[in-house]
Amino acid sequence: MLNRLLKDDRKINMIILITGILNYPLGLWGVKIPGNVLNELGLDDIMLLSILFAWIISLVATIVCLTRIQRNLRSKALWIGFILNFIYLVTPGIILIWAFLRLIIFGIGH
């Protein structure tokens, strides 16, 4: 069953596209809960865990995309999924670097 799934490129491309689309809501799940219940309860670790879990999924999907790009150059689903996953993979790093620079240059931070 798994072997048959791995050989079907269209199914894998669609899985990569779906993970690229679902990473954003999954990453925001712990941060944007209505009423911010987790923050009020002091459960900041769960908020970070949801972001980390989505980031790891994005990392795995990006690696899978990079290994399959040569065989599937014309697949729009693969390219869109790759772009979405790569953006989600890089964005936290950009945000952290920006926050660090603001702290060093302007002294603004938490």
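Now for a look at the structure at hand. (Residues numbered from 1 in each chain as written. Predicted model: local features only at pLDDT ≥ 70, side-chain atom pairs only at ≥ 80, totals over all residues. Heavy atoms only, no water.)

**Brief notes about the overall build of the protein chain**
Note the threshold: Each helix is a run of DSSP H or I of at least 4 residues and each strand a run of E of at least 2, with the numbering of both proceeding from the N terminus. Burial classification: accessible surface area is computed with a 1.4 Å probe over protein chains only, and a residue below 20% of its type maximum counts as buried, one above 50% as exposed, and the rest as partly exposed. Between two residues, a contact is recorded if the distance between any of their heavy atoms is within 4.5 Å. Per-residue accessibility takes into account occlusion by the displayed protein chains alone, with areas from the Shrake-Rupley method and a 1.4 Å probe.
The secondary structure content of the protein chain amounts to five helices and zero strands. Listing the helices and strands of the protein chain from first to last along the sequence gives α-α-α-α-α. With 110 residues in all, the protein chain has 25% of them scored as buried. By sequence separation, contacts in the protein chain at least 24 residues apart represent 65% of the contacts at least 6 residues apart. A total of about 8300 Å² of accessible surface is found on the protein chain, and carbon and sulfur atoms cover 75% of it.

**Overview of helix α5 (residues 76-105)**
Just so we agree on the cut-off: The length a helix should cover is 1.5 Å for every residue beyond the first. Bend at a residue means the angle formed by two fitted axes: the first through the 7 residues ending at that position, the second through the 7 residues beginning there.
With 30 residues, α5 extends 42 Å from end C-alpha to end C-alpha; this agrees with the ideal 44 Å at 1.5 Å per step. Taking the largest bend as the criterion, α5 deviates by roughly 25°, centred on V90, and proline P92 comes between one and four positions later. Among the residues of α5, A77, L78, G81, F82, N85, Y88 and L89 are the ones counted as buried. G107, located one to two residues past α5, shows a positive phi value of around 75°.

**Some details on the side chain of S75**
Note the cut-off: Polar contact criterion, stated in full: a pair of N or O atoms within 3.5 Å, where within protein one must be able to donate a hydrogen and the other to accept it, and residues adjacent in sequence count only if both atoms are side-chain atoms.
With respect to the helices, strands and loops of the structure, S75 is situated in the loop between α4 (44-68) and α5. A distance of 3.3 Å separates a polar side-chain atom of S75 from the backbone nitrogen of L78.

**A closer look at a nonpolar patch on the surface**
Here is the rule we go by: The patch calculation keeps residues exceeding 30% relative accessible area without a salt bridge and links them within 9 Å when they carry like charges or within 5 Å when they are nonpolar (Val, Leu, Ile, Met, Phe, Trp, Tyr). Should a side-chain nitrogen of Lys or Arg be within 4 Å of a carboxyl oxygen of Asp or Glu, the pair is scored as a salt bridge.
Nonpolar side chains collect at one region of the surface, where I97, W98, F100, L101, I104, I105, F106 and I108 lie side by side and expose about 880 Å² of accessible area between them. Within the secondary structure, I108 is located in the segment after α5.

**Comments concerning the packing of aromatic side chains**
Each pair of aromatic rings is reported with the distance of its centres and the angle of its planes. To be explicit about the condition: Pairing of aromatic rings covers Phe, Tyr and the six-membered ring of Trp, with a centre-to-centre limit of 6.5 Å; geometry is then stacked below 30 degrees between planes, edge-to-face above 60, and tilted otherwise.
Counting across every chain of the model gives three aromatic pairs. Centroid distance W79 to F82: 6.2 Å. Interplanar angle 90°. Geometry classified as edge-to-face. Separated by three residues within a single helix, W79 and F82 lie in helix α5, roughly one turn from each other. We classify W79 as partly exposed; its relative accessible area is 32%.

**Focus: the nonpolar core**
How we decide: Grouping buried Ala, Val, Leu, Ile, Met, Phe, Trp, Tyr and Cys residues that are joined through side-chain atoms within 4.5 Å yields what is termed a nonpolar core.
Counting residues in each nonpolar core, the largest one holds six residues, listed as I12, I16, C65, I69, L78 and F82. Contributing elements (two or more residues each) for this core: α2 (9-28) and α5. The contacts of F82, once residues within four sequence positions are left out, are I16, T62, C65 and L66.

**With respect to the side chain of N85**
Relative to the helices and strands, N85 is located in helix α5. Residue class for N85 comes out buried when judged on its relative accessible area of 0%. A polar atom in the side chain of N85 sits 2.9 Å from the backbone oxygen of G81. With residues near it in sequence (within four places) discarded, N85 still touches I16, T19, G20, N23, S58, A61 and T62.

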